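Inside the fold
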Amino acid sequence: MLAVYKKELRSYFIGPIGYIYMALYLLVSSLIFTYTTLYAGTCDVTTYYTFILYLFAILIPLLTMRMLSEEKKSRTEQILLTSPVSLTSVIFAKFLAAFTLFAGTLLISCLHFIILFAYGTPSTAIMISTTLGILLIGAAFVAIGIFVSACTENQLVAALVTIVAIASTLVLNVLSGYVSFTPLRVVMRWLSVFDRFYAFTYGYFDFVALLYYVSVTVVFLFLTVRVFEKRRWE
Amino acid sequence: MIEIKGITKRYGEKYAAKDVTFTVNAGEVMGFLGPNGAGKSTTLNILTGYLSATSGTACIDGIDILQDPIGAKAKIGFLPEQPPLYLDMTVKEYLNFVYDLKRCKLDRKKHLDEICRVVKIRDVYGRVIRNLSKGYRQRVGIAQALIGNPPVLIFDEPTVGLDPKQIIDIRNLIRDLGREHTVILSTHILPEVQAICDRIVVINNGEIVADEKTENIARAVEGKRRMTFNICGPRNDVLKLLKSIPGVTYAEVIGNRDLDSTSFLVESDEKIDIRKPLFFALAEKRWPLIGMDVMGMDLEDVFLALVDKNAKKGVRKGEKQ
């Protein structure tokens with residue numbers, strides 16, 4: 001598992017994708033940070049992170065689009081699937097590699113907060129819980145991206161479908177406001193990523209939300225494994 | 001060492017492999033022969049755990065690939081039809097990755113060094129795989145299969161697309177490897193099998209049509225022995241004599257090669273060797289036999305005969321349905 005993890009992490013930086021991701025994320029997040037906190041004169045990072053979530057829709061596909069589609073296209077998956085390692089551990093290692101780059105970049109961007117501490121009195125608890133929430137949501141998005149990548153041989157298709165998938169989970173709670181049919185609205189709210197996120201922004205740790213995001217992650221990684229299993233058997 | 005029993009792989013209505021059964025003994029080099037699309041790769045992919053069979057079992061060293069995939073895979077070094085190379089890695093990075101992936105316990109530096117020496121890729125060790133020629137890529141693919149020193153090596157068409165010198169190099173390499181490993185070599189190139197393999201399994205349309213020692217493969221085809229004789233003597237009398245020898249099924253004059261001898265084409269029953277009785281019969285008549293040529297079937301003929309026979313059988317089956 002460690003072998004695949006190291007390989008994936010290295011492959012981000014052999015090509016340009018790792019650098020592009022980090023540069024874009026840090027640049028755009030700095031801009032958002034400047035406008036939502038410094039210009040707004042507030043220490044509250046809720047708005048900042050709300051925008052960041054939308055940014056994920058565009059940036060997380062960068063991390064996951066190649067991950068399995070490229071292996072499939074170049075037939076390198078054959079070495080992974082015929083080596084004495086389990087499929088689950090291969091998929092999990094890939095997830096972990098993408099999540100490491102994601103979380104690493106996110107944590108670097110948290111350096112922004114030093115400014116808030118220097119010139120204001122932000123709540124450390126809220127900051128930590130919100131960041132934790134973002135990490136959990138990110139994990140779920142990465143898992144979705146990996147799942148989509150397993151379904152196609154084309155990176156571009158993987159990227160576009162992932163963007164749509166992530167974006168639609170983000171706009172669900174807005175859309176649900178327009179739905180008058182109650183059961184549908186309930187389902188939409190349930191699927192909505194935002195609804196659960198807001199608990200974190202109040203500074204308390206919502207165990208149910210944690211369970212929800214971890215479950216989404218696990219379910220999509222499990223589905224990814226199933227995609228490969230199914231292809232073996234069909 | 002390798003035991004495949006009743007492997008069937010179905011894609012919808014189409015059978016990619018149908019009741020494929022064979023065994024490969026330890027230390028054997030087995031040639032897996034068949035035209036393109038016959039089901040070679042499918043069978044090998046099932047054997048290596050890349051695909052799953054619709055039914056049947058595949059065991060490596062007594063370990064079922066389905067029941068203990070990790071244990072079985074640890075015993076196999078596999079070079080797929082298209083070498084699974086990460087093009088943006090250097091050879092060094094790639095081999096180290098495979099070493100980690102296979103959880104190899106051998107001394108890393110020594111082991112990789114030895115492999116590079118055997119497959120002759122030392123001089124490209126630091127280069128990016130993308131920039132290597134096809135021959136070198138194939139070698140890196142073989143190197144990958146050798147990591148961990150697995151007892152079973154499986155090569156799926158390792159010489160496709162290489163130039164003649166590279167083909168000879170790879171063949172020699174595989175022959176050397178065959179001394180210490182059990183090897184399956186899949187190919188559609190006949191001389192390759194003849195040159196390297198102890199045993200040949202022929203597959204066509206997903207079904208095994210022959211499984212014989214290399215030297216016996218010709219016998220798998222029922223047929224006749226064909227010989228030509230050059231005999232000095234009266235043409236018609238000789239022909240009559242030839243036809244009278246037990247076992248001869250057909251004889252004809254094919255011409256005069258020189259002034260006083262005549263060439264005859266003789267076909268005989270496969271199980272009967274007519275050469276000795278013919279010699280004595282001619283000696284009795286004092287008609288000197290000055291030339292004899294046994295037109296043995298080479299692998300090419302055998303292969304075509306097998307595939308052809310099988311195709312006809314298929315047609316007949318189809319008619320019945």
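What counts, and where the lines are drawn
Residues numbered from 1 in each chain as written. Chains lettered and ligands numbered in written order. Predicted model: local features only at pLDDT ≥ 70, side-chain atom pairs only at ≥ 80, totals over all residues. Heavy atoms only, no water. Helix = DSSP H or I, 4+ residues; strand = E, 2+ residues; numbered from the N terminus. Rg over C-alpha atoms; globule rule 2.2 N^0.38 Å. Buried < 20%, exposed > 50% of the residue type's maximum accessible area, 1.4 Å probe, protein only. Contact = heavy atoms within 4.5 Å. Areas by Shrake-Rupley, 256 points an atom, 1.4 Å probe, with all protein chains shown as cover. Lys, Arg positive; Asp, Glu negative; His and termini not counted. Charge placed at Lys NZ, Arg CZ, Asp CG, Glu CD. Expected span 1.5 Å × (residues − 1). Arc of directions from axis to C-beta. Phe/Tyr/Trp six-rings, centres within 6.5 Å; stacked < 30°, edge-to-face > 60°. Lys NZ or Arg CZ within 6 Å of the ring centre and 35° of its normal. Core = buried A, V, L, I, M, F, W, Y, C linked by side-chain atoms within 4.5 Å. Pairing = 2+ DSSP bridges. Axes fitted to C-alpha atoms, helices over the stretch in contact; angles between N-to-C directions. pLDDT = per-residue confidence, 0-100. Buried area = accessible area lost by both parts, 1.4 Å probe. Salt bridge = Lys/Arg side-chain N within 4 Å of Asp/Glu carboxyl O. Nonpolar A, V, L, I, M, F, W, Y, C, P; charged D, E, K, R; others polar.

What about the overall build of chain A?
Per the secondary structure count, chain A includes twelve helices and zero strands. Ordered by position from the N terminus, the helices and strands of chain A form the series α-α-α-α-α-α-α-α-α-α-α-α. Rg of the C-alpha trace for chain A: 19 Å, near the compact-globule value of 17 Å for 234 residues, within the 12% margin. Burial analysis of chain A (234 residues in total) assigns 52% to the buried set. Long-range pairs, those at least 24 residues apart, make up 77% of the contacts in chain A between residues at least 6 apart in sequence. Summed over its atoms, the accessible surface of chain A is roughly 10500 Å², and 74% of this surface lies on carbon and sulfur atoms. For chain A, the distance from the average position of its 15 positive side-chain charges to the average position of its 10 negative side-chain charges is 4 Å.

Structural notes on helix α6 (residues 164-177) of chain B
Residue and element names in this part refer to chain B. Between its first and last C-alpha atoms α6 spans 20 Å; for 14 residues at 1.5 Å apiece the expected length is 20 Å, and the two agree. Looking at α6, one finds that the buried residues are Q166, I167, I170, R171, L173, I174 and L177. Buried residues along α6 cover an arc of 160° about the axis, so they all sit on one side. In this structure, α6 carries P164 and K165 as exposed residues pointing more than 90 degrees from its buried face. Each element contacted by the buried residues of α6 is listed here: α4 (108-119), α5 (134-146), β7 (152-156), β8 (182-187) and α7 (190-196).

Notes on the packing of aromatic side chains
According to the stated counting rule, one finds 21 aromatic pairs over all chains in the structure shown. Measuring from ring centre to ring centre gives 6.4 Å for A:F56 and A:F141, while their planes differ by 85°; the resulting arrangement is edge-to-face. Of this pair, A:F56 sits in helix α3 (residues 46-64) while A:F141 sits in helix α8 (residues 124-150), placing them 85 residues apart in sequence. Each residue in the set A:Y21, A:Y25, A:F56, A:F92, A:F95, A:F99, A:F102 and A:F141 is aromatic and connected to the rest through ring pairs, giving one cluster. The positively charged end of A:R231 is found above the aromatic ring belonging to A:F228, 5.2 Å away from the centroid. Above the plane of the ring of B:Y15 lies B:K18, whose end atom (NZ or CZ) is 4.9 Å from the centre.

Comments concerning the nonpolar core
Residues A:Y49, A:F141, B:Y94, B:F155 and B:I184 are the most contacted members of the largest nonpolar core, which totals 148 residues. Sort the elements by how many residues they give to this core and α8(A) lands first, with 13 residues. Leave out the neighbours within four places in its chain, and B:Y94 touches A:I79, B:P84, B:L85, B:Y86, B:M89, B:I129, B:V140 and B:Q144. B:F229, B:V238, B:V266 and B:I274 belong to the second largest nonpolar core, which has 17 residues in total.

Regarding the sheet that holds strand β14 (residues 289-294) of chain B
Residue and element names in this part refer to chain B. Pairing within the open sheet is antiparallel, and its four strands lie in the order β12-β13-β11-β14. One side of each edge strand has no neighbouring strand; the edge strands of this open sheet are β12 (248-255) and β14. Averaged over all neighbouring strand pairs, the angle between strand axes comes to 20°, with direction disregarded. Sheet contacts for helix α8 (residues 235-244): β11 (225-231), β12 and β13 (262-268); angle to β12, the most-contacted strand, approximately 160°. Against the sheet, helix α9 (residues 275-285) engages β11 and β14, with an angle of about 20° to β11.

Things to note about the sheet that holds β7(B)
Residue and element names in this part refer to chain B. The strand order across the open sheet built from six strands is β6-β7-β8-β3-β9-β10, with neighbouring strands paired in mixed fashion. The open sheet has two edge strands, β6 (76-79) and β10 (207-213), and neither has a second partner. Shown here is a sheet whose adjacent strand axes are inclined to one another by a mean of 15°, direction ignored. Bridging between strand β3 (residues 29-33) and strand β9 (residues 199-204) involves four bridges; their strand directions are parallel. Opposite M30, over in β9, you have R199 as the bridge partner.

Some remarks on the pairing of strand β4 (residues 55-60) of chain B
Residues in a regular strand project their side chains so that they alternate between the two faces of the sheet. Residue and element names in this part refer to chain B. With five bridges joining them, strand β1 (residues 2-11) and β4 adopt antiparallel strand pairing. Paired with T8 across the strands is S55, a residue of β4. As defined by bridge partners, β4 adjoins strand β5 (residues 63-64) across two bridges and the pair is classed as antiparallel. The residue bridging I60 from the neighbouring strand is I63, located in β5. Linking two consecutive strands that pair antiparallel, namely β4 and β5, is a turn of two residues; a positive phi of about 55° is found at D61 within it.

Digging into the confidence of the model for chain A
The predicted coordinates ought not to be read in detail in places where the model reports low pLDDT. Averaged over chain A, the pLDDT score is 89; the fraction of residues at 70 or greater is 100%. Looking at the elements of chain A, mean pLDDT is at its lowest for helix α11 (residues 193-201) of chain A, recorded as 79, and at its highest for helix α6 (residues 87-109) of chain A, recorded as 95.

Overview of helix α2 (residues 17-38) of chain A
Residue and element names in this part refer to chain A. The terminal C-alpha atoms of α2, which comprises 22 residues, lie 30 Å apart, in line with the 32 Å expected from a rise of 1.5 Å per residue. Those residues of α2 that fall on the buried side of the exposure criterion are I17, G18, Y21, M22, Y25, S29, I32, F33, T36 and T37. In an axial view of α2, the angular spread of the buried residues amounts to 120°, which keeps them on one side of the axis. For α2, the exposed residues lying more than 90 degrees away from the buried face are Y19, L27 and Y35. Packing partners of the buried residues in α2 comprise α1 (2-14), α3, α6 and α7 (113-119).

Concerning the interface of chain B and chain A
Counting residues at the interface gives 31 residues for chain B and 25 residues for chain A. Where chain B abuts chain A, roughly 2700 Å² becomes buried across the two surfaces, and 60% of that area is made up of carbon and sulfur atoms. For the salt bridge of B:D100 with A:K6, the shortest nitrogen-to-oxygen distance reads 3.9 Å. Within the residue set of the side of chain B that touches chain A, elements represented by two or more residues are β1, α2 (69-73) and α3 (91-101) of chain B. Its residues placed into classes, the side of chain B that touches chain A shows 17 nonpolar, six polar and eight charged.

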